[in-house]
Amino acid sequence: MTFSAFLFQALNGLSTASGLFFIAVGLSLIFGVTRIINIAHGSLYMLGTYIAYSFATKIGGVFGFWGGIVATALIVGVIGALIEILLLRRIYRAPELFQLLATFALVLVFNDMALWIWGPEDLLGPRAPGLRGSIEVLGRRLPEYDLFLALIGPAVLLILHFALAKTRFGRLIRAATQDREMVGALGVNQAILFTSVFALGAALAGLGGALQVAREPANLATDLVAIGDAFVVVVVGGMGSISGAYLAAVIIAEVKALCIGIGVVDFGFITVNFSKFTLVAEFLVMAAVLIARPYGLLGKPQGAVRSIAEPEEPIRPATPMLKMLAVIVLAGLMGLPLLAQTQPYLLILGIDVLIAVIFATSLHFIMGPGGMHSFGHAAYFGLGAYGAALLVKWLAVPMGIAIAAAPLVALAGALLFGWFAVRLSGVYLAMLTLAFAQIVWAAVFQWEGFTGGSNGVIGVWPPPPFDKAWVYFVLTLLLTVIAVLLLRRFLFAPFGYAMRAGRDSPLRAEAIGIDVKRVHWLAFAIAGGICGIGGGLFAFAKGSISPETISVGRSIDGLVMVLLGGIQTLTGPIVGGSLYAILQDTVMRQTEYWRALLGIIILVLVLAFPQGIVGAFAALWRKRGGGP
Amino acid sequence: MSTRHLYLALAVAVGLASQASAQDTIKIGELNSYKTQSAFLDPYKKGMELALDEINSKGGVLGKKLELVVRDDGTNPGEAVRVAEELVTREGVVMIAGTFLSHIGLAVTNFAAQKKVFFLAAEPLTDKITWQNGNRYTYRLRATTYMQTAMLMPAAIAAKKKRWALVYPNFEYGQSAAENFKTLLKKAQPDVEFVTEQAPPLGKIDAGAVAQAIDDAKPDAIFNVLFGGDLAKFVREGNTRGVFKDRPVVSLLSGEPEYLDPLKDETPVGWVVTGYPWDKIKTPAHTAFVDAYQKKFSDYPRLGSVVGYVTIKSIAAGIAKAKSTETEKLVEAFAGLQLDSPFGPFSYRASDHQATMGAYVGKLALEGGKGTMVDFKYVDGKDVLPSDADVKKLRPAEAN
Amino acid sequence: MSVLELRKLSKAFGGVRAVNEVDFAIQPGEFLAMIGPNGAGKSTCFNMINGQLPPDSGEILLDGQNIAGLAPRAIWRRGVGRTFQVAATFSSMTVIENVQMALLSHSGQTYKLWRPVAAMHRARALDLLGQVGMQDAADRPSRELAYGDVKRIELAIALANEPKLLLMDEPTAGMGARERNGLIELVKRLVVERGISVLFTEHSMDVVFAYADRIIVLARGRVIADGNAGDIRDNAKVQEVYFGTGKTFAEQHGVTP
C-alpha cells in the first residue's frame, strides 16, 4: 500500500464516517436525555433511505432528490415524535430497559411495513443531481458525492454543537443529559422535551438514511446493520456526546478503510486477508476503548438515574400456591412423552422451549438481581454449543461428556469476559458484553479450519436412546429443572443477596465488606456457565450448530424473553422464555407478515403489562391482598 | 382419578383430536428464508404456486393433489431444523424442499440424513451439499458454485489476463466460489497472479474503500462474487471511480434479474456473468412458462421464479416415477430422474444427486436504461460437472 | 492508645487543598464531633477515613496500623462501621435482610451458595433491630420505611460488625428536631454500652454541643480548634470562621437544652 493510496483511503474513510455519524448522533441524543435505548433507530434510518428513494424517483430531478432529502428528514422526525407520544410515554414508569422491548417490537413492525409498501427488491436511487461525477485527487478519482458526504458530517456536527451551546432548547438537552432530575426540578415540561428530542434524533436518522440514497440501495436488512453500527459509534464516542460520536465514527471508518486498503498480506509463514477483519473491526475498537475508557472517548460518567419505576419487591420463597403450580406444570411436562406417538412435534417444541427457559433464566440471573444488563448473553450459549459440538467433531467424545463440558467452556468464557465487563455499569456494560459476543461470533465465523466457519459444525446428533425425541426431551427437562432450581437456590443464598446488595447500592455494599465487583464477576460467570448447558443441549437437539447461535439477534431474543416475563420477578424469565419460544413458533407459521404480527403482539403485551407478564400478575396479587 | 389415569385420558383426547384428516392430498413441506432473502424468494414462491396450479389442474400426482406447506426458516439453521421437524412430525409432509443460504441448506441436508427424510435443496449453491456433506436423502436442483464458476472459466481464460483481483462476500458461498475460481484458473493458466482479495462482510460492504483497494492493486481483470445490495453499492462506486475501465470482469449471478434489475442505468456493461435473460430466451418451453407466469401474476419472472417452478415440477415428477411417497422409493426415483424445465431438459445425477439444470452465460449490456444480457448462451450443467467417478471420491462413502 | 489517629493527612482536588495536614486522634469510647463551615474539608476527611478517597499524603492509623488508601470493605473488616449522610437501605430487601446481609458479610459468608439466608443470623439480626427499636418492622420491605426508621436500620447495620469505631456523616441530616435528639440519644446509649468510639460530622450545633465529648473544628482544610464544648464556644478563631455564615454561637447556645 503506497502512501498516496493510504491517504486516499483515509479520505474515503471520512465519507463513510459521516454516514456512521448520522446514524449514531440521534441515538446518542435520545439516550442522553431519555435514557431509552432505541433499537428502532436503525429502522428510522432505513425508512429514511426508502422515503428518499420514493421522492427521488417519483418526483425526480433536482427538487425530487435534494428537496426529498429534507422532506424525508422532516417526515422521519414526525414519525419519531409519534413513537414517543403514542408508545413510549405510556411506559416511562416501567422498570428500566422495558422501553427497549417496545422499540424492538417497532423494528419488527417497521420492517414488514417497508416490505409491504416498497416490496422485496433492493431499490437503488439515482445519482445525486449536480454531484454525479468524480474529481481527481492524488491521481485517483473521488466521487463528488463522497466528498460532499465527508463535508456534511462535520457541518451538521458544528450546527448541532452551536445549537446545543447557544439555544435554550440546546441547553436543556445538555442539562438533561447530565442530570435528568435537575431539569424536572427546574420546572421544564419533561414531556415536551422528550418528544422534541425524540423528533430531533429521528430526523437526524432519517436525514442520514436519505443521504445514502445516492450511494446504496434501500434494502430491508439495513435496519439491523445500522443499529449495530450506531450502538458501536455511540458507545465508543461516549453516550450523549455528539463530538464523541463524530470522533468515533471517524476512527471506526478509518480502521475499516485501512483494513480494506491493506488487503492480503503474506507474512511468509501465514497469509492474512485484512479485508476480512472489517467483520469485527468496530467491535475490537469498542472493546479496547471501553476497557481503557469506561465511558467512551468523550463521554462523562453519568449521574445515577434514580429509577422512576416501582422499586422491586423483596424476594420471597415460593408460596404454597406457586409450589403447587410448579408441580402441576412439571407433571404436565413429564406427561408429554406419553404423546410421543400422537403429537411428536410437541416434544420437539418442548425441547426448544426448555432451552429458551435456560437461556432466559440464566440471563435474568445477572440482569435482574445482578443489575447487569448483558447484551451479549448469546456468547455463552454459543460457547457451550460450540464447545460440545467441537468436542464431538474433533475428539469424538460421547454426548454425556460433551454436554457436561458445555457449561465449562461457557464458564471459562464468562470468567474472562466478565472480569472486564463488571468493571463497567449500565449501558456501557451492556455494550461491552455485546462487543465480546461479536468478537466470539467473528472468531467462530472466521476460524474456518477449526469451527467450520459460516457453515458451522454439522452432524452432532445424540446417540441412542437419546435420538428418540421423548428421551431427549426428558434429558432436557431434567437439566432445565436442575439449572432453574440451582439459580433460584443461589438467589436465596447469601451470594444472591450479596449480588442484589451490590446492585441496590454498590457504595453501601462495599461499606459492609462486600467485594461487589468480585461478587458480580462470579455471578456473571455462573450465569454464563448455566447458559452453556442450554447451548450444549441445543447443539444436540439440532444436530448442527452455526455462528447464528452467537448472533446479536439471539442476544436480543434473550432480552425480550426476560423483559416480557418481567425482570423483577423470579418466575418471569421462565414464563417469558416459554411464551416467546411458543410465540415465535406459532406466529412464524401464521402469516407472510409474521414479523409485524410478532411485533404487534409484543406491543400489546408491553402496553398491557408494563412490568412484564409475571410482574403484572404479582402486582395484582399483592393489590388484592393475597399473600405477602 | 389418579394422576396416571389423567394423563392417559389426556393423551387419548389429544390423539383423537389430531387424527389426520382424509388422505386425499400429498403434503410437501417447504422452508426458506422468506423474510431476509425476499428479493429472490418472493418470485420463487410465485414460481412454486404456478407449478402447483399446473400440476393440480391436471389432476395432481398419483391421483392426489399436491399440497404445499410453506414455512419461514428464520434465516437460522437452528430454527430451520426445528421447522423441518415441525413439517415432518406435525404436518406429516412426505418430503421437504427449499432453503436458500448455504449453511442453512447444509443443516437441513444433515437433518435429512439423520431423520431419513427426503430433501430437495432448491437454491443453496455450496458444493458441499452434494459432495463433501452429501448423503443418500438429499438432492439439489440449482447449479452449484463450482458449476457456475466453471461456466465462466472459458471467458476468464479467453481474457488472457495475468493479474486478477477477487471480490466476494465473506461467507461459505463467496469463499468457495473464490477457491473454485483460483483452482480452475491456475490449472488453465499456471502463471496467473491473484493480486488482491477483498472479502467484505455480507450486506455490509464499505464499497468506496473496497473499489479503491482493488483499483490500487492494479489488476488486469476482476472476478466478482458479490450480489444483492453489496453488488449495487460496489458497482456504483466502481463506475464513478473508473475501476472497471479497461478491465474485463467476470461475475457470478450478476445477470439474474434479482440482482441486475436494481442496477438500472448503472449496469456495468461488458461484464461476463451467469444469469437469466428472461425476455430474450425464445425456446418454446421458456415462452410457455413466461406467458403463464405473466398471466397469473402480471409480473415478469425472475430466476427465483424458475427455481421455485422447477422445484415443484421435480417433486411431482419424482413422486410420479416412484409411484409412491415413501422416502426410500423417492430416493431411488430421483436417481437419474429426467424432466423438462423452462431451460430445457435436465436430469438428477445418480452419482452425486446434483441436477444438471444449467444457467445462461453472457455479457451485461444496457438497453433502454435497463440492464440486460447479450451474446448469451445456455450452458448445460452436465458439461461442467466432474465425472461420476470423480464425484464419488468427493462424497462420503456412506452417501453413495 | 488512640483508636484512630490522623497524621498530616492531605488531599487536594485540582489546585485546591481540601484537607491540609490534618492531625487528630480519637480515644477509646470517645464521642467526637467534627464541625466546620461548608467546604471546610469534613466530607473529604471522612471519605479518606472510610476508604472512599485515597489520601495524597499522610497516615490514618487504626489501632496503630496505617489504613490509608485501603478499600472501604477492607477498612470495614478492621472494625470501622459507618452511616451515610443520605440514609438508604438495600431497597429490594426486607428490614431484617438488610441486617442479615451485614452479619453474613461480617462472618465471611458472602460467597455461600447453598443455605437460604432466611435462617441465617436471624436471631442476632432481630436482637440488633430490637436495640434500635425496629423489631416489629423486621419483615417489612425496607423501601416502605419512613426516613427516620431508615436511619435506625442503618445504625443496626453499622453495629453488625461489632465496630470499635463508628463513622457517622451528618447522622441527623434531614430529620426534625425531636426525631434528631431521639436518634442521637439512641446512638450515644448504644456506643456507650459497647465502648465504641464515634466520629461524626454535624450541622446541627445543638446536637454537637449537647452530646459531643470533644469537638474538632475544621476550616479551609485545617484543624483550627480542638476541645470541649466550652473551649470551642469561646474560641476566637472559630467565631471568626462562623461569623460570615450567619450562625452565631450565642443563638445556638440558647437552644441547647
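Since this is a predicted model, take the numbers as computed values, not measurements.

A short note on the interface of chain C and chain A
Listed per partner, the contact involves 35 residues of chain C and 33 residues of chain A. Between chain C and chain A, roughly 3,100 Å² of surface is buried when both sides are summed, and carbon and sulfur atoms account for 63% of that area. Our enumeration of links across chain C and chain A arrives at four salt bridges. Between Glu 510 of chain A and Arg 73 of chain C there is a salt bridge, and its shortest N-O distance comes to 2.7 Å. Where chain C touches chain A, the interface holds 20 residue pairs in polar contact (both at pLDDT 80 or more).

What to know about the packing of helix α14 (residues 378-395) of chain A against helix α15 (residues 399-421) of chain A
Residues and elements named next belong to chain A. Look at α14 against α15: their axes get within 7 Å of each other, and the N-to-C directions meet at 135 degrees. Taken together, the axis directions place α14 and α15 in an arrangement best described as oblique. In this structure, α14 meets α15 at a crossing whose hand is right-handed. Between α14 and α15, the contacting residues are Tyr 380, Leu 383, Gly 384, Gly 387, Ala 388, Leu 391 and Val 392 on the first element and Ala 402, Ala 405, Ala 406, Val 409, Ala 410, Gly 413, Ala 414 and Phe 417 on the second.

Looking at the domain arrangement of chain B
All names here are of chain B. Under the domain assignment, chain B is made up of domain 1 (24-144 + 282-357) and domain 2 (146-278 + 360-384). Here the C-alpha centre of domain 2 lies 28 Å away from the C-alpha centre of domain 1. If you look at the interface, domain 1 gives 28 residues, while domain 2 gives 21 residues. At the junction of domain 1 and domain 2, the tally comes to two salt bridges. A salt bridge links Arg 142 to Glu 256; the shortest N-O distance between them is 2.6 Å. Secondary-structure elements contributing two or more residues to the side of domain 1 that touches domain 2 are α2 (38-57), α10 (284-297) and α11 (303-322). Per element, the largest residue contribution to the side of domain 1 that touches domain 2 is four residues, and it comes from α10. Split by residue class, the side of domain 1 that touches domain 2 holds 16 nonpolar, eight polar and four charged.

Structural notes on the domain arrangement of chain C
Residue and element names in this part refer to chain C. Taken domain by domain, chain C comprises domain 1 (27-54 + 65-89 + 163-255) and domain 2 (91-144). The centre of domain 1, based on its C-alpha atoms, is set 28 Å off from the matching centre of domain 2. With eight residues of domain 1 in contact, the opposing surface of domain 2 contributes nine residues. Between domain 1 and domain 2 the total buried area reaches about 630 Å² when both faces are included, carbon and sulfur atoms providing 44% of it. Applying the counting criterion to the domain 1 and domain 2 interface returns four residue pairs in polar contact (both at pLDDT 80 or more). Put simply, the parts of the chain that give the side of domain 1 that touches domain 2 at least two residues each are α2 (72-77) and α6 (177-194). When residues in the side of domain 1 that touches domain 2 are grouped by element, the largest group, five residues, is from α6. Among the residues forming the side of domain 1 that touches domain 2, the class breakdown is three nonpolar, one polar and four charged.

Scoring rules and cut-offs
- Residues numbered from 1 in each chain as written.
- Chains lettered and ligands numbered in written order.
- Predicted model: local features only at pLDDT ≥ 70, side-chain atom pairs only at ≥ 80, totals over all residues.
- Heavy atoms only, no water.
- Contact = heavy atoms within 4.5 Å.
- Buried area = accessible area lost by both parts, 1.4 Å probe.
- Salt bridge = Lys/Arg side-chain N within 4 Å of Asp/Glu carboxyl O.
- Polar contact = N/O pair within 3.5 Å; in protein donor to acceptor, adjacent residues only side chain to side chain.
- Axes fitted to C-alpha atoms, helices over the stretch in contact; angles between N-to-C directions.
- Helix = DSSP H or I, 4+ residues; strand = E, 2+ residues; numbered from the N terminus.
- Parallel < 35°, antiparallel > 145°, perpendicular 65-115°, else oblique.
- Left-handed = near helix turned anticlockwise from the far one by under 90°.
- Domains from an automatic or database assignment.
- Nonpolar A, V, L, I, M, F, W, Y, C, P; charged D, E, K, R; others polar.

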